[in-house]
Amino acid sequence: MKLQKLFKKRIKSNEVIDKRDDVPDGIFRKCRKCKSLVFAKTVKESNYICPKCGGYFRVHAMRRIEMIGDEDSFIPWFEGIKTENPLEFKGYEKKVEDLRKKTGLDEAVVCGEISIEGSKAAIAVMDGRFLMASMGKIVGEKITAMVEKATKNHWPVVIFSCSGGARMQEGIVSLMQMAKTSSALKRHHESGNLYISVLTDPTTGGVTASFAMQGDIILAEKDALIGFAGPRVIAQTIGEKLPEGFQKSEYLLEHGFIDRIVNREDLRKTLSDLIKLHSNSSKIESGGVYISNEVLNIDKKISAWDRVLLSRRNDRPVARDYIDKLFTDFYEFHGDRYYMDDGAIIGGVGLFHNVPVTVIAQAKGHNTKENIKRNFGMPKPEGYRKALRLMKQAEKFHRPIICLVDTPGAFCGVEAEMRGQGEAIAKNLFEMSDLKTPVVTIVIGEGGSGGALAMAVSDNVWMLENSVYSILSPEGYASILLKDGKLAPKTANMMKMTAMDLLELGVVEKVFSEPAKFTKENLDGVIKKLDAELINFLDEYMKLPEDEIINRRYERFRAM
């Protein structure tokens, strides 16, 4: 303990520890966040997480590989490539040679094949000790060659980014690596292969503006600095004071640019789960037994307006309740990659009877706090763009899409109009019409106007008994046609918005009965029916050629 006290004292007095001859190297590590000294052995045993504040230490490439890979599974690729000096930059070659001796690496990235809980992948891990893991020609070459080999073998790619950006000593040649790596990843993408990008501290410059932000799934460690121009560059260039937490991974998650922040101790399992979700068998396990034709069991004495009120009850099951009951291993993804993550839309990938499916749901809450977080189930443009991003991802991986609709309508605030609410909905209708994968939509509560339709251009649309689906809310309808919103109870019946009305009109294919007082506590009976019918749907549609899926969907709406 004397040694640790001495370290603390000398740090406080701003003395350089490394200059003390009587202190053995490598015994302690200093936490960047809380400035505490921690035994190096303790740091290593705790996934390089500070035991005092939870802050993350930066991890060397080979340590990272040890942390996520199965024992002795890593096989390095493309070792020993000689770094070039295209600008004949003075001292560059010696600097590289010195770093090779110091780090034991040949360059700022380690590439190879790895097994993660039994799942094989191609991997690249950047190492910040080597010229801040800047990307020169050899870094670009190794990553590109790794991606090309993965594409040929139909393997997923995992890249851990940690970089100061482009390598200044190589100038324009370094800049070209952004295009080269991106081109290789585009071919990998078009071949239907998975790419998971993991952003660590720091990820900046040309790496951020190329392969780091091109993943099908983008994960990040907490509190990581992620940005194109670093905070210092921004401050010095334009003299602008940056917001608190700006360019941190939490900021990027809130603003829609990454899918998830994953705790370091969970990274191995998360990567394994995601790879398995994208390589799982697409054969549905068993045929359903329930055939939903419960028209005779539905109480026709309940008025349309009463069904509207039932669809809006706070204790009615919401989307998250259905997701938790119907799917296993559900991973929620976030963000539209443009502006924001919209809490009114939950989207992600899970297993349905061992079949990977994409689930996209309009989300309400059970109380005021949850509803504020979810914007009362009213998506903004970024919500619809997130939904479409996940639909296109599902199409790439041939995953069926299951949509849950529960919205009074798309959000109609000024900011939504400024960000293109109409365009976002229109784009969904346009793109959903020819998605090359099965799509089923279930209206579980309110289905309000184009805000609902933007997730219902599907092969089948189903409804629960007391859900509603309409051109507008009854209040809005009454205001337009009868000039009095208070006449909503009267107009609800005129609108033919109940499940039974829509079944008779041919707008929906199935109606499911529900308990008289439908809550989360008695959801299981409805789940059992939905589960069986989803099995029937997937069993039929997953066998169809892509052209037939598209043509059936087209004819479904063509007949309306």
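1. Here's the deal with the environment of Glu148
Here is step 1 of the chain: Its place among the elements puts Glu148 in helix α5 (residues 137–153).
Here is step 2 of the chain: Residue classification places Glu148 among the partly exposed residues on the basis of a relative accessible area of 48%.
Here is step 3 of the chain: Remark: the alpha-carbon pair of Glu148 and Arg187, spanning 39 residues in sequence, is separated by 8.2 Å.

2. Comments concerning the confidence of the model for the protein chain
Here is step 1 of the chain: Per-residue confidence for the protein chain gives a mean pLDDT of 91; residues scoring 70 or more make up 92%.
Here is step 2 of the chain: Within the model, the stretch residues 1–24 combines pLDDT values under 50 with 19 contacts to residues more than four positions away or in other chains.

3. Concerning helix α22 (residues 546–558)
Here is step 1 of the chain: When the terminal C-alpha atoms of α22 are compared, their 18 Å separation across 13 residues agrees well with the 18 Å that a helix rising 1.5 Å per residue should span.
Here is step 2 of the chain: Of the residues making up α22, those classed as buried are Ile549, Ile550, Arg553 and Arg556. Viewed along the axis of α22, the buried residues span an arc of 125°, placing them on a single side of the element. Within α22, the exposed residues directed more than 90 degrees away from the buried face are Asp547, Tyr554 and Arg558.

4. Side note on the side chain of His255
Here is step 1 of the chain: Residue position: His255 is located in the loop between α9 (249–254) and β10 (260–261).
Here is step 2 of the chain: His255 sits in the buried class, given a relative accessible area of 17%.
Here is step 3 of the chain: Sequence-distant contacts of His255, defined by excluding residues within four places in its chain, comprise Asp336, Tyr339, Met340 and Asp341.

5. Focus: the packing of helix α14 (residues 381–396) against helix α16 (residues 421–432)
Here is step 1 of the chain: The geometry of α14 relative to α16 is characterised by a closest axis approach of 8 Å and an angle of 20° between their N-to-C directions. Judged on the interaxial angle alone, α16 and α14 are roughly parallel. Read as a crossing pair, α14 and α16 show a hand that is left-handed. Contacts between α14 and α16 involve Pro381, Tyr384, Arg385, Ala387, Leu388, Met391 and Lys392 on the former and, on the latter, Gln421, Glu423, Ala424, Ile425, Lys427, Asn428, Glu431 and Met432.
Here is step 2 of the chain: Counted by class, the contact of α14 with α16 contains eight nonpolar, two polar and five charged residues.

6. So, the packing of aromatic side chains
Here is step 1 of the chain: All told, the structure shown has eight aromatic pairs when counted by the stated rule.
Here is step 2 of the chain: Where Trp77 meets Phe78, the ring centres are 5.9 Å apart and the plane angle is 70°; that geometry is what we call edge-to-face.
Here is step 3 of the chain: Accessibility expressed as a relative area gives 5% for Trp77, which makes it buried.
Here is step 4 of the chain: When its relative accessible area of 28% is taken as the criterion, Phe78 is described as partly exposed.
Here is step 5 of the chain: Each residue in the set Trp462, Phe512, Phe537 and Tyr541 is aromatic and connected to the rest through ring pairs, giving one cluster.

7. Comments concerning the pattern of salt bridges
Here is step 1 of the chain: All chains considered together, the criterion is met by 43 salt bridges.
Here is step 2 of the chain: Notably, a salt bridge pairs Arg64 with Glu221, separated by 2.8 Å at the nearest N-O pair. Linking Arg64 in helix α3 (residues 61–68) with Glu221 in the loop between β8 (217–220) and β9 (226–227), this pair joins segments that are 157 residues apart in sequence. Of the two residues, Arg64 and Glu221, neither departs from the other in class, the shared state being buried.
Here is step 3 of the chain: A network of salt bridges, in which partner residues are shared, links Arg312, Lys364, Asp406, Glu446 and Glu475.

8. What to know about helix α6 (residues 171–190)
Here is step 1 of the chain: Compared with the 28 Å implied by 1.5 Å per residue over 20 residues, the 30 Å span of α6 between its first and last C-alpha is a close match.
Here is step 2 of the chain: Looking at the buried side of α6, the elements it contacts are α5, β6 (157–163), β7 (195–204) and α7 (205–208).
Here is step 3 of the chain: Two residues or fewer past α6, Gly192 is found with a positive phi of approximately 80°.

9. Describing the environment of Glu509
Here is step 1 of the chain: Relative to the elements of secondary structure, Glu509 occurs in the loop between α20 (499–505) and β18 (510–512).
Here is step 2 of the chain: Owing to a relative accessible area of 31%, Glu509 belongs among the partly exposed residues under this scheme.
Here is step 3 of the chain: Considered as a pair, Glu509 and Val461 are 48 residues apart in the sequence and their alpha carbons are 5.8 Å apart.
Here is step 4 of the chain: In contact with Glu509, not counting residues within four places along its chain, are Asp459, Asn460, Val461, Trp462, Leu503 and Arg556.
Here is step 5 of the chain: At 2.8 Å, the side chain of Glu509 forms a polar contact with the backbone nitrogen of Val461.
Here is step 6 of the chain: Here Arg556 takes part through its side chain, which lies 2.8 Å from a polar atom of the side chain of Glu509.

10. Some remarks on the packing of helix α12 (residues 319–326) against helix α21 (residues 524–541)
Here is step 1 of the chain: Following both chains from N to C, one finds α12 and α21 inclined at 65°, their axes separated by 10 Å at the closest point. Judged by the twist between their axes, the crossing of α12 over α21 is right-handed. Contacts between α12 and α21 pair Tyr322, Lys325 and Leu326 from the former with Asp524, Ile527, Leu530, Asp531 and Leu534 from the latter.
Here is step 2 of the chain: When its residues are assigned to classes, the contact of α12 with α21 shows five nonpolar, no polar and three charged.

11. A word on the state of the cysteines
Here is step 1 of the chain: With the rule as written, the count across this model stands at zero disulfides.
Here is step 2 of the chain: Between Cys31, a free cysteine, and Cys53, which holds the nearest cysteine sulfur, the sulfur-to-sulfur gap is 3.6 Å.
Here is step 3 of the chain: The exposure class of Cys31 is buried, given its relative accessible area of 2%.

12. Some thoughts on unusual backbone geometry
Here is step 1 of the chain: For the peptide bond that leads from Asp201 to Pro202, omega is -10°, which places it in the cis range.
Here is step 2 of the chain: By secondary structure assignment, the location of Pro202 is in strand β7.
Here is step 3 of the chain: Although it is not a glycine, Lys35 adopts a positive phi angle of roughly 70°.
Here is step 4 of the chain: By the secondary structure assignment, Lys35 is in the loop between β1 (28–30) and β2 (37–39).
Here is step 5 of the chain: Even without being a glycine, Lys483 presents a positive backbone phi close to 60°.
Here is step 6 of the chain: Looking at the element boundaries, Lys483 is found in the loop between α18 (474–481) and α19 (488–494).

13. A look at a nonpolar patch on the surface
Here is step 1 of the chain: Side chains of Ile480, Leu481, Leu482, Leu487 and Met494 sit close together on the surface and give an oily, nonpolar patch of about 430 Å² of accessible area.
Here is step 2 of the chain: Relative to the helices and strands, Leu482 resides in the loop between α18 and α19.
Here is step 3 of the chain: What makes Leu482 partly exposed here is its relative accessible area of 31%.

14. Focus: the side chain of Asp321
Here is step 1 of the chain: Position of Asp321 relative to the elements: it lies in helix α12.
Here is step 2 of the chain: Sequence-distant contacts of Asp321, that is, excluding residues within four places in its chain, are made with His366, Lys520 and Leu523.

Rules used throughout
In every chain, residue numbers begin from 1 and rise along the written sequence. Reporting of local features is limited, given that this is a predicted model, to residues whose pLDDT is at least 70; pairs of side-chain atoms are given and counted only at 80 or more, and all residues count toward the totals for whole chains, interfaces and linings. As a convention, hydrogens and water are excluded, and side-chain values are obtained from all of the structure's heavy atoms. Here a strand is any run of E in DSSP of at least two residues, a helix any run of H or I of at least four, and the numbering for each starts at the N terminus. Only protein chains enter the calculation, and the probe is 1.4 Å; a residue is then buried if its accessible area is under 20% of its type maximum, exposed if over 50%, and partly exposed in between. Residue-level confidence of the predictor, termed pLDDT, takes values from 0 up to 100. It only takes one pair of heavy atoms within 4.5 Å for two residues to be counted as in contact. A helix is expected to span 1.5 Å multiplied by its residue count minus one. Directions are taken from the helix axis to each C-beta atom, and the arc is the one they span. Fitted lines through C-alpha atoms give the axes, limited to the stretch in contact for helices. The angle between two N-to-C directions lies from 0 to 180 degrees. Should an angle fall under 35 degrees it is called roughly parallel, over 145 degrees roughly antiparallel, and 65 to 115 degrees roughly perpendicular, with every other angle called oblique. For a crossing to be left-handed, the near helix must be turned anticlockwise from the far one by less than a right angle; the clockwise case is right-handed. The nonpolar class holds Ala, Val, Leu, Ile, Met, Phe, Trp, Tyr, Cys and Pro. Asp, Glu, Lys and Arg form the charged class, and all remaining residues, Gly among them, are polar. The rule is short: rings of Phe, Tyr and Trp, with Trp giving its six-membered ring, pair when the centres are within 6.5 Å, and they are stacked under 30 degrees, edge-to-face over 60, tilted in between. Salt bridge criterion: a side-chain nitrogen from Lys or Arg within 4 Å of a carboxyl oxygen from Asp or Glu. The term polar contact refers here to a pair of N or O atoms within 3.5 Å; inside protein, the definition further demands a hydrogen-donor-capable atom paired with an acceptor-capable atom, and it admits residues adjacent in sequence only when both atoms are side-chain atoms. Cysteine sulfur atoms are paired as a disulfide whenever they fall within 2.5 Å. Note that patches include only residues with greater than 30% relative accessible area and no salt bridge, and the join distances are 9 Å for like charges and 5 Å for nonpolar side chains (Val, Leu, Ile, Met, Phe, Trp, Tyr). Note that accessible areas follow from Shrake-Rupley with a 1.4 Å probe, and for residues the cover is restricted to the protein chains shown.

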